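Spelled out from the first residue to the last, the chains are:
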Amino acid sequence: MNKAFILITFSIALSLLTTQCKKKKEVTKETTQYSMSENQPSSEMSNKVQPMVIDRNYSWPGSTDPFTMLSQRTSGDTLFLKVQYGGGCKEHVFTMNTQLMWMKSLPPQLNLWLEHESNDDLCRALITKELAFDLKGVRSPTGNKVSLIINNDREKTVAYEWR
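These notes cover the structure that comes with them. (Residues numbered from 1 in each chain as written. Predicted model: local features only at pLDDT ≥ 70, side-chain atom pairs only at ≥ 80, totals over all residues. Heavy atoms only, no water.)

### A look at the nonpolar core
Now for step 1: Counting residues in each nonpolar core, the largest one holds 23 residues, and the members touching the most others are Leu79, Met96, Leu112, Leu114, Phe133, Leu148 and Ile150.
Now for step 2: Elements represented by at least two residues in this core include exactly β3 (78-87), β4 (93-98), β6 (109-117), β7 (125-134), β8 (145-150) and β9 (158-161).
Now for step 3: Look past the residues within four positions of Ile150 in its chain and what remains in contact with it is Met69, Gln72, Leu79, Leu81, Met96, Leu112, Leu114 and Val158. (Core = buried A, V, L, I, M, F, W, Y, C linked by side-chain atoms within 4.5 Å. Buried < 20%, exposed > 50% of the residue type's maximum accessible area, 1.4 Å probe, protein only. Helix = DSSP H or I, 4+ residues; strand = E, 2+ residues; numbered from the N terminus. Contact = heavy atoms within 4.5 Å.)

And the structure:
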């Protein structure tokens, strides 16, 4: 009877270990699937550029699911953000919001809010992803340059210039 118990326990442990290995492979696929670099052809990048949500009645909820902003930059009419978050088992959704209310300054400043929806993903892999958002809709009517403030972080503003 002890041998049967040991055999059953070993079988359960082996099946759990196999399941965890499969999950790690899926996490790796997600990380590479969404990563973008400047060296990729622009056609690949344009497929992943998300629209900016412009809503004059938008109200920042105060917090979203946790994430860390690693870097932010503009290239042409696109805002690139590199973010990091925990997860790996469910799809995460990021949306960029603005009220389109420019602050009176030179250059004008504009608040943007990045929201993260984790869909209750309790997995613990550390995912790094580069997001891309279309900036054409946030051009100031008074010039050709805007200083973007993301999630009220005034120390890390991003300059957006167009011709």
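### Concerning the state of the cysteines
Now for step 1: Scanning the model with the defined rule gives one disulfide in all.
Now for step 2: The disulfide that involves Cys89 links it to Cys123, with 1.7 Å between the sulfurs. A torsion of -85° about the S-S bond marks the disulfide between Cys89 and Cys123 as left-handed. In this pair, Cys89 is assigned in the loop between β3 and β4 and Cys123 in the loop between β6 and β7, connecting sequence segments 34 residues apart.
Now for step 3: Judged by relative accessible area, Cys89 falls into the partly exposed class, the value being 41%.
Now for step 4: Since its relative accessible area comes to 24%, Cys123 is described here as partly exposed. (Disulfide = S-S within 2.5 Å.)

### Points about the sheet that holds β7
Now for step 1: One open sheet holds the three strands; their spatial order is β2-β3-β7, and the pairing between them is antiparallel. In the strand order of this sheet, the two ends are held by β2 (68-75) and β7, each with one partner. When the angles between neighbouring strand axes are averaged without regard to direction, this sheet yields 20°.
Now for step 2: Pairing between β3 and β7: ten bridges, direction antiparallel. Looking across to β7, one finds that Gly87 is bridged to Ala125. (Pairing = 2+ DSSP bridges. Axes fitted to C-alpha atoms, helices over the stretch in contact; angles between N-to-C directions.)

### Some points on unusual backbone geometry
Now for step 1: The residue after Leu106, namely Pro107, is reached through a cis peptide bond having omega -10°.
Now for step 2: Tracing the chain through its elements places Pro107 in the loop between β5 (102-103) and β6.

### A word on the pattern of salt bridges
Now for step 1: The full count for this structure, using the stated rule, is two salt bridges.
Now for step 2: For the salt bridge of Arg73 with Glu130, the shortest nitrogen-to-oxygen distance reads 3.8 Å. Of this pair, Arg73 sits in strand β2 while Glu130 is found in strand β7, placing the two residues 57 residues apart along the sequence.
Now for step 3: Classification of Glu130 by relative accessible area gives buried; the value is 9%.
Now for step 4: Its salt-bridge partner being Asp77, residue Arg139 comes within 2.9 Å of it at the nearest N-O pair. Here Asp77 lies in the loop between β2 and β3 and Arg139 lies in the loop between β7 and β8, a separation of 62 residues in the sequence.
Now for step 5: Under the relative-accessibility criterion, Arg139 is labelled partly exposed at 31%. (Salt bridge = Lys/Arg side-chain N within 4 Å of Asp/Glu carboxyl O.)

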